[in-house]
Amino acid sequence: MRYLLIDNSNTRTKLSFGSRDSIESWHEVIPTVELSEQRLNQALNGQLYDAVMLCSVVPQKAELMERYFSQSPFHNLCHTSKLGIAINYPHPQQIGADRLANAVGVNALYQTPAIVIDFGTAVTFDAVGADATYLGGVIAPGLASMTQNLAKRTALLPQIELSEPKHAIGKSTTEAMLAGAVYGYRGLIKEIISKLSDEMQCTPTVVATGGDAALIAKGLPEINHVSPTLTLEGIRIAATLQF
């Protein structure tokens, strides 16, 4: 069975194909603001698939895709989906679909207990217990959002392109901003990992995914793995359970 896997985030919408065993190398990325029936037609021209698994945090775009794929077996991942994990959360309908997909992926592909850190528009931390139970987590501003907001709200600070700082003591405005962003963000990540580990009463496997994962993980031994495709893997695994 060939699944069309869609990761619809606030910034980008990623399309890929997968089977019961793996994700295919083919993929397409569409800026979410540009997602439309026309863009889907262009991306999927000539492609064949048996079912569609959507993971969306943008309700308006999810409705568009539900209409677009109305002639195909289609499922929008949520807390009532077949996930292969339990959920210990007072209001599970409030959990973002991407966070559930990450929990599904880390449970299937890595050792639990685990923490998934997803570096996106926001950075999310999700804890999964040793008994394959989603426990909850943390939401903080994303690294790019923080730096862009700093430039937007100050007259003399520029937009910067994120990279590894050369020094902690910046010798220019850009160097100073890079040091504050990257070193400061690593401090935030390290502290939240520590607090979650304390509450979980264990040393969990920590897996990072998302756009800034590789940059931030480079200086954090607390992060055990970087998995760029973890969310898609979780969507794929959920698809194998759903269809």
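Definitions and cut-offs
- Residues numbered from 1 in each chain as written.
- Predicted model: local features only at pLDDT ≥ 70, side-chain atom pairs only at ≥ 80, totals over all residues.
- Heavy atoms only, no water.
- Axes fitted to C-alpha atoms, helices over the stretch in contact; angles between N-to-C directions.
- Helix = DSSP H or I, 4+ residues; strand = E, 2+ residues; numbered from the N terminus.
- Parallel < 35°, antiparallel > 145°, perpendicular 65-115°, else oblique.
- Contact = heavy atoms within 4.5 Å.
- Nonpolar A, V, L, I, M, F, W, Y, C, P; charged D, E, K, R; others polar.
- Disulfide = S-S within 2.5 Å.
- Buried < 20%, exposed > 50% of the residue type's maximum accessible area, 1.4 Å probe, protein only.
- Phe/Tyr/Trp six-rings, centres within 6.5 Å; stacked < 30°, edge-to-face > 60°.
- Lys NZ or Arg CZ within 6 Å of the ring centre and 35° of its normal.
- Pairing = 2+ DSSP bridges.
- Salt bridge = Lys/Arg side-chain N within 4 Å of Asp/Glu carboxyl O.
- UniProt positions renumbered as here; feature names shortened; annotations may be inferred.
- Polar contact = N/O pair within 3.5 Å; in protein donor to acceptor, adjacent residues only side chain to side chain.

This paragraph deals with the packing of helix α3 (residues 97-109) against helix α7 (residues 230-242). Packing of α3 against α7 brings their axes to within 7 Å, and their N-to-C directions diverge by 85°. Looking at the two axes, α3 sits roughly perpendicular to α7. Contacts between α3 and α7 involve D98, A101, N102, V104, G105, V106, A108 and L109 from the former and L230, T231, E233, G234, I235, I237 and A238 from the latter. Tallied by class, the residues present in the contact of α3 with α7 amount to 9 nonpolar, 4 polar and 2 charged.

For the structure on display, the rule yields 0 disulfides. No disulfide involves C55; its sulfur sits 10 Å from the nearest other cysteine sulfur, which is in C78. Residue class for C78 comes out partly exposed when judged on its relative accessible area of 27%.

Tallying each qualifying case throughout the model produces 8 aromatic pairs. Look at F69 and F74: their rings are 6.2 Å apart centre to centre, the planes differ by 15°, and that puts the pair in the stacked class. For F74, a relative accessible area of 22% translates into the label partly exposed. Here the aromatic residues F17, W26, Y49, Y68, F69 and F74 are joined through ring pairs into a cluster of three or more. The ring of F17 has R2 sitting right over it, with the charged end atom 3.8 Å from the ring centre.

Let us now look at the sheet that holds strand β5 (residues 74-76). Taken in spatial order, the 5 strands of this open sheet run β3-β2-β1-β4-β5, and their pairing is mixed. Edge positions in the open sheet fall to β3 (23-31) and β5, since each of these has one partner strand only. Neighbour-to-neighbour, the strand axes of this sheet turn through a mean angle of 15°, independent of strand direction. Here strand β4 (residues 51-56) runs beside β5; their pairing, made up of 3 bridges, is parallel. When the bridges of β5 are listed, L54 appears paired with N76. Along the sheet face, α7 touches β1 (3-8), β2 (12-18), β3, β4 and β5 and points at about 135° away from the line of β1.

Most of β1 sits inside the fold, with 6 of its 6 residues counted as buried. Here β1 shows two buried faces, one formed by Y3, L5 and D7 and the other by L4, I6 and N8. Pairing of β1 with β2, which is carried by 6 bridges, proceeds in the antiparallel orientation. Residue pairing across strands places L4 opposite F17, the latter belonging to β2.

A few words on the pattern of salt bridges. Applying the stated rule across the entire model yields 7 salt bridges. For the salt bridge of D126 with R99, the shortest nitrogen-to-oxygen distance reads 2.7 Å. Of the two residues, D126 sits in strand β8 (residues 122-128) while R99 sits in helix α3, which places them 27 residues apart along the sequence. On the accessibility criterion, D126 (0% relative accessible area) is buried.

Another point: the UniProt feature "binding site: ATP" (unreviewed entry) in the protein. If you check UniProt for "binding site: ATP" (unreviewed entry), the listed places come out as D7, N8, S9, N10, T11, R12, T13, K14 and T121 in our numbering. On the secondary structure map, T11 appears in the loop between β1 and β2. With relative accessibility at 38%, the residue T11 sits in the partly exposed group. The contacts of T11, once residues within four sequence positions are left out, are P31, T32 and T121. Tracing the sequence through the fold places T13 in strand β2. Side chain to side chain, T13 and N8 meet in a polar contact 2.8 Å long.

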